[in-house]
Amino acid sequence: MRRLERALVALNKWAVIAMLAGMALVVGANVALRYTTNESLPWADEVARYLMIWMTFVGAGLALRTGGHVAITNLQDVIPSRAQIALRAGIVLVLLAFFLFMIWTGQDYMTRMQYQKSPALRLPFKYVYAAMPIGFALLAVHLLLIARPFIAAGTYRDAPDGEAQTGAASG
């Protein structure tokens, strides 16, 4: 199971890296063409925007694994340790319910937008909106994979040394 998790995380990281690289290449090529030939790629802004959308949704699960999302830990810090565990378990359940709801909502959006096409690429918007259910499904999977250590000790599985190890930002 641990090997499968490492493969998922690696694949997820490489997907985000590929999207960022693609976005940088498209924007860079468009800027270079604009300054050298006085012409632009008519589809460059659209591709960069859609890659940014996909990168955000696909990368959110990786940020969750490291405690990179915003968190306020004031309440957790002042309650007894058993209550902290119950609070973190409740947070995991609420997040999981929200992620599942957003998968369903994203699927609905994707279905509704399947016939509308983007202006420059003529790409059906369902491919853009697919980022939402896929991203939230990845969030749910990453949450389930880190839930046990998070609930038990408030730690994140992939947190860098010395960062976000116990909760995120105190406020």
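Up top you'll find the structure we're talking about.
First things first, this report covers the structure right here in the doc. (Residues numbered from 1 in each chain as written. Predicted model: local features only at pLDDT ≥ 70, side-chain atom pairs only at ≥ 80, totals over all residues. Heavy atoms only, no water.)

When helices and strands are counted, the protein shows six helices and zero strands. Shown N-terminal to C-terminal, the secondary structure of the protein runs as helices and strands in the order α-α-α-α-α-α. In terms of overall dimensions, the protein is more spread out than a globule: its C-alpha atoms have a radius of gyration of 20 Å, far above the 16 Å expected for 171 residues. When its C-alpha atoms are laid out on the principal axes, the protein stretches across 65 × 35 × 35 Å. (Helix = DSSP H or I, 4+ residues; strand = E, 2+ residues; numbered from the N terminus. Rg over C-alpha atoms; globule rule 2.2 N^0.38 Å.)

According to the stated counting rule, one finds nine aromatic pairs in the structure shown. Pairing Phe98 with Phe99 gives two aromatic rings, centres 6.2 Å apart and planes at 55°, and the pair type is tilted. Note on Phe99: relative accessible area 5%, which makes it buried. When the centroid spacing of 6.0 Å and the interplanar angle of 40° are considered together, the rings of Phe101 and Trp104 count as tilted. In this pair, Phe101 and Trp104 both sit in helix α4 (residues 81-112), three residues apart, roughly one turn of the helix. With relative accessibility at 45%, the residue Phe101 sits in the partly exposed group. A residue is classified by how much of its surface remains accessible, and Trp104, at 58% relative accessible area, is exposed. (Phe/Tyr/Trp six-rings, centres within 6.5 Å; stacked < 30°, edge-to-face > 60°. Buried < 20%, exposed > 50% of the residue type's maximum accessible area, 1.4 Å probe, protein only.)

Moving on, we get to the nonpolar core. In terms of nonpolar packing, the biggest core is built from 16 residues, with Leu64, Val92, Phe99, Phe136, Leu139, Leu143 and Tyr156 touching the most fellow members. Looking at this core, the elements with two or more residues in it are α2 (44-66), α4 and α6 (131-153). Among the elements that make up this core, the one with the highest residue count is α6 (eight residues). Filtering out sequence-adjacent residues up to four positions away, Leu139 remains in contact with Ala60, Gly61, Leu64 and Phe99. (Core = buried A, V, L, I, M, F, W, Y, C linked by side-chain atoms within 4.5 Å. Contact = heavy atoms within 4.5 Å.)

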